[in-house]
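The primary structure of each chain is shown beneath.
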Amino acid sequence: MFLKPYRPKSSAALKGSESKKFRQRLELAFPNISVDQLVPAKAAVTHVKILTHGGVQSIVYCVDRQPMFFELDGGQLVPTLYAMWIIPSILPYYTTHEGVLPKLTNGADLMLPGVVPLGVGLSMYGHYKKGQLMAVNLTNNKSAVGVGQLARSSDDLYMCGGHGVAVKMLHLFGDKLWAHEPSLVQQIPLVRTKALSTDDFPALGAEAERKKTAKAEVSEAPAAPDTFASVTQATDGEELESGTALLSLAEEDDHDPADTAPAAESNEVTPEYILRNAFLSALKNNGKKLPLPLLTSNFYRLYVVNEAAEQIDLKKTRYKKLSNFLADMVDQGFIVVREESKGVDKIISVDLEHPELVNFITDVKANEANGAASETPLFHSELKEMYIVSDVTAAFFTKMNFKRGEGIPVGQVKKIVREYVAKHGLQDVKTKLVRPDETLLELYGNREGTLSEVCSLITSKMEHSYQMCSGKDTSGKPMIQMSLATRSGNKKVTLVSNIEAYGIILAEFIKLCKQGAAASTSIVKLPHQKLEQLQIQGNQVRFVYTLLTETYKVPPKCILGLELAKDGKKNKKK
């Protein structure tokens, strides 16, 4: 649902009464949790109307800018991963193997072969109805990595014979909703329990071991901790209570349609809504540049009208006149208006710190003229396998400047071990075996082995996890090389190499080059190389350098070839 970028349409902060009604909805939908943990009484709650890439309208509820819940078509509230990480017992769980996560993040639903059974017989997949909200976690980590809906009831899943879709995924670790507020994104918390140790779960496809595991789980179920709701069977009473909560939620929506703020009401766009949005957009986009004091008529004509998504007709609004509308905005604390003389009013100050204005997101349509590059991701997001520095391995990795709990990519662990062994001279020149020093003795004992064997011993003491990484990480990447070449007709072209190594999406980079430099841009495949080279007509070295450093935030030290810029050659001739 959120794997591709969605478009925010509007945003508004919930007032006190609206926030209270939202908390009541949460209590009805999730009666077994403490709402105060997710939505503190004094927290700033914002609802953002969005349009997904598939054309589905939804509302995301943010608490202190962190997305906590979103709505489905029927008004059902669904917790995000951030809510699940705060209170893990909000939803029941299905557990899958860690190798399934990359497939889920590529857009796949959770299939039955990937689900670790909760029991035997009809209890294999619990006792849930079709459409039940389910969280998904991994065999080596009980923290949720996704949220979805059951494709079939538990009984129907059992009758499928281990084939078909189990959970239709709605929200996943690493999707655009997880990255809604880039400054607040979190990695998956590592929470291991005995019930979720890898020894208790067989590898995917090991049927004989699965049956043994299922029997062991059934016998140990009474001793499972309360927070591990994924392997406990739901009683009929719990299902009835959940169904009653959802029915109450639907009734509340029918009897009280004014639960949400005017800016987020159904699909009807009123003249008042258009006028108010244009007013807030004018303050949001131009508030710091307004030449105060400013005539109210000029403010409306030069700023408000330009920000309106549609033509504004004041006579069709309930205000009828501009003065009445501005008086309402004064009462709400957005602006201060002073009467200079009879019939002449001026805006003398604007409250840019007003909560509703701070949380307001201007309509994307109003900004399309200025370019909508912010809607399109510039970097590839990549799910990377990581090893987490554990307490046992902390003594070793702290000597290599890694902290306890820090994630290390799988491919980097061997480099670290090789560097440590070379630094301390632990490898025998003839046998190539590594002799353990005091630190390694405490880690895995008095054992000699090859470098690969030592790496395996060390990683066996570490926690395995996943982290979502973007292309902005420049560590260990080749330099971006810019060069000039001559093509047929003595025409110069700019060649740029190693862009993809930084996670930059080439299609978007080419689009920006065509728009900014007004030059033909194409991709050239080099022989015997995996990465592709970008070819831009003319000497565009200066433009490419500026685009990489300012738009993509690539450090200047990672770019070579700036001396070939056109302005630099002119200076040399002079």
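The chain has the name Eukaryotic translation initiation factor 2D in an unreviewed UniProt entry, where Drosophila pseudoobscura pseudoobscura is given as its organism.

*Asks:* How do you make sense of the overall build of the chain when you look at a structure like this?
*Replies:* When helices and strands are tallied, the chain shows 18 helices and 22 strands. The 574 residues of the chain split such that 45% are buried. Residue pairs at least 24 apart in sequence account for 63% of intrachain contacts in the chain once pairs closer than 6 positions are excluded. Of the roughly 29900 Å² of accessible surface on the chain, a fraction of 51% belongs to carbon and sulfur atoms.

*Asks:* Any chance you could explain the pattern of salt bridges here in plain terms?
*Replies:* Pairing is possible between side chains that carry opposite charge, provided their charged atoms lie close to one another. Following the criterion strictly, the structure yields eight salt bridges and no others. A salt bridge links R23 to D36, with the shortest nitrogen-to-oxygen separation between them at 2.4 Å. On the criterion of sequence distance, the pair formed by R23 in helix α1 (residues 16-29) and D36 in helix α2 (residues 35-38) is long-range, its members being 13 residues apart. In this structure R23 comes out as buried when scored by relative accessible area, which is 17%.

*Asks:* What is the right way to read helix α17 (residues 541-551) from this model?
*Replies:* The set of residues buried in α17 consists of V541, V544, Y545, L547, L548 and T549. Against β18 (480-487), β19 (491-497), α16 (506-517), β21 (532-537) and β22 (559-560) lie the buried residues of α17.

*Asks:* Help me out: how do you make sense of α1 in this one?
*Replies:* Every α-helix winds through 3.6 residues per turn, so residues three or four apart in the chain are directed the same way. The terminal C-alpha atoms of α1, which comprises 14 residues, lie 20 Å apart, in line with the 20 Å expected from a rise of 1.5 Å per residue. Residues E18, S19, F22, R23, R25, L26 and A29 constitute the buried set of α1. An end-on view of α1 places all buried positions within 155° of arc, on one side of the element. Seen from the buried face of α1, the exposed residues on the opposite side, beyond 90 degrees, are G16 and K20.

*Asks:* Which parts of the structure should I look at to understand the sheet that holds strand β7 (residues 110-111)?
*Replies:* A sheet is described by the order of its strands in space; here six strands give the open sequence β7-β11-β10-β9-β6-β8, paired in mixed fashion. Taken across any chain shown, the strands that pair with only one partner, and hence form the sheet edges, are β7 and β8 (115-116). Judged from the four bridges that link them, strand β6 (residues 93-96) and strand β9 (residues 133-138) form a sheet pairing that is parallel. Among the inter-strand pairings, Y94 is bridged to a residue of β9, identified as V136.

*Asks:* Is there a simple way to explain the packing of helix α8 (residues 271-286) against helix α10 (residues 322-331) in this structure?
*Replies:* The angle between the axes and the distance between the axes are what describe a pair of packed helices. Between α8 and α10, the shortest axis-to-axis distance is 12 Å and the interhelical angle comes to 60°. When the interaxial angle is binned, α8 and α10 end up oblique. As α8 packs across α10, the resulting crossing turns out to be right-handed. Here α8 contributes L275, R276 and F279 to the contact with α10, which in turn contributes F325, L326 and M329. Tallied by class, the residues present in the contact of α8 with α10 amount to five nonpolar, no polar and one charged.

*Asks:* Is there a simple way to think about the pairing of strand β2 (residues 45-51) in this case?
*Replies:* On a regular strand, one side chain projects to one face of the sheet and the next to the other, so that they alternate. With six of seven residues buried, β2 is to be regarded as a mostly interior element. Pairing between strand β1 (residues 7-13) and β2: six bridges, direction antiparallel. Bridged to A13 within β2 is T46. As defined by bridge partners, β2 adjoins strand β3 (residues 57-63) across seven bridges and the pair is classed as antiparallel. Along β3, the bridge assignment pairs H47 with Y61. Counting the residues that bridge the hairpin from β2 to β3 gives five residues, and of these G55 lies at a positive phi of roughly 85°.

Definitions and limits used
- Residues numbered from 1 in each chain as written.
- Predicted model: local features only at pLDDT ≥ 70, side-chain atom pairs only at ≥ 80, totals over all residues.
- Heavy atoms only, no water.
- Helix = DSSP H or I, 4+ residues; strand = E, 2+ residues; numbered from the N terminus.
- Buried < 20%, exposed > 50% of the residue type's maximum accessible area, 1.4 Å probe, protein only.
- Contact = heavy atoms within 4.5 Å.
- Areas by Shrake-Rupley, 256 points an atom, 1.4 Å probe, with all protein chains shown as cover.
- Salt bridge = Lys/Arg side-chain N within 4 Å of Asp/Glu carboxyl O.
- Expected span 1.5 Å × (residues − 1).
- Arc of directions from axis to C-beta.
- Pairing = 2+ DSSP bridges.
- Axes fitted to C-alpha atoms, helices over the stretch in contact; angles between N-to-C directions.
- Parallel < 35°, antiparallel > 145°, perpendicular 65-115°, else oblique.
- Left-handed = near helix turned anticlockwise from the far one by under 90°.
- Nonpolar A, V, L, I, M, F, W, Y, C, P; charged D, E, K, R; others polar.

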